[in-house]
Amino acid sequence: MNIGFMAHDAKKKLMQNFCIAYRNIFSKHQLYATGTTGRLIEEVTNLHIHKFLAGHLGGEQQLAAQIEHNDIDLVIFLRDPATRKKHEPDITNIIRLCDKHSIPLATNLATAEMLVKSLERGDLEWREAYK
């Protein structure tokens, strides 16, 4: 499965720790991320991540295009609803596209953990048939 990662600045360390915890599951899948988030995940996990541009330089749009083409099966976008900065990605378009294509989307750690555990059990294999 193709998994997309994004994180607001205040959540990047949490994303790193999350990916360390689930490294064995993620290693079995194709991983995509906006530039900085992808680099930070790679540094701590040694997982191969296809990195787009940094979110504010167009990476958000690149990931959105993959979602629009139904090429992403799961999105984890750890966002900081309290202190979003102007240069950080806006989740509104990502939500709309995920809803349009029935792509599971996690915006917080609790939902992300549930989706990854579902992924491990094979509960998301319906995505293959949906595509």
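Summary of the structure given here.

The rules behind each value
- Residues numbered from 1 in each chain as written.
- Predicted model: local features only at pLDDT ≥ 70, side-chain atom pairs only at ≥ 80, totals over all residues.
- Heavy atoms only, no water.
- Helix = DSSP H or I, 4+ residues; strand = E, 2+ residues; numbered from the N terminus.
- Contact = heavy atoms within 4.5 Å.
- Pairing = 2+ DSSP bridges.
- Right-handed = clockwise from strand over helix to strand, strands pointing away.
- Core = buried A, V, L, I, M, F, W, Y, C linked by side-chain atoms within 4.5 Å.
- Buried < 20%, exposed > 50% of the residue type's maximum accessible area, 1.4 Å probe, protein only.
- Arc of directions from axis to C-beta.
- Polar contact = N/O pair within 3.5 Å; in protein donor to acceptor, adjacent residues only side chain to side chain.

Attention now moves to the environment of Q66. By the secondary structure assignment, Q66 is in helix α4 (residues 59-68). Considering only alpha carbons, one finds Q66 and N108, 42 residues apart in sequence, at a separation of 21 Å. Apart from the residues within four sequence positions on either side, Q66 is in contact with F52, D71 and I72.

Bringing the pairing of strand β2 (residues 30-33) into the picture now. Within a regular beta strand, the side chains point alternately toward one face of the sheet and then the other, so they alternate between its two faces. As paired strands, strand β1 (residues 2-7) and β2 are joined by four bridges and run parallel to one another. Looking at the pairing, I3 lines up with L31 of β2. Both β2 and strand β3 (residues 49-51) contribute to a ladder of three bridges, which runs parallel. Bridge pairing in β3 places A33 opposite K51. Once the chain exits β2 it traverses helix α3 (residues 35-45) before rejoining the sheet at β3, and the crossover so formed is right-handed.

What follows is about the nonpolar core. One recurring pattern in soluble globular proteins is that nonpolar side chains are buried together. In terms of nonpolar packing, the biggest core is built from 23 residues, with F5, M15, F18, F26 and I76 touching the most fellow members. No other element matches helix α6 (residues 109-121), which puts four residues into this core. Other than its neighbours up to four places away in sequence, M15 contacts F5, M6, A7, T37, I41, I76 and L78. Grouped together as the second largest cluster of nonpolar side chains are 14 residues, Y32, F52, I67 and I103 included.

Okay, helix α5 (residues 91-100) next. Considered for burial, the residues of α5 that qualify are I91, I94, L97 and C98. Along α5, the residues classed as buried sweep out an arc of 130° about the axis, all on the same side. Seen from the open side of α5, the exposed residues pointing more than 90 degrees away from its buried face are T92 and D99. Lining the buried residues of α5 we find β1, α4, β4 (74-78) and β5 (105-106). Two residues or fewer past α5, S102 is found with a positive phi of approximately 55°.

For the rest of this paragraph, the subject is the side chain of H8. Within the secondary structure layout, H8 lies in the loop between β1 and α1 (12-21). There is a polar contact of 2.9 Å between the side chain of H8 and the backbone nitrogen of D80.

Tracing the sequence through the fold places L40 in helix α3. Assessed through its relative accessible area of 17%, L40 is described here as buried. Residues L40 and M15, spaced 25 residues apart in sequence, show a C-alpha to C-alpha distance of 8.7 Å.

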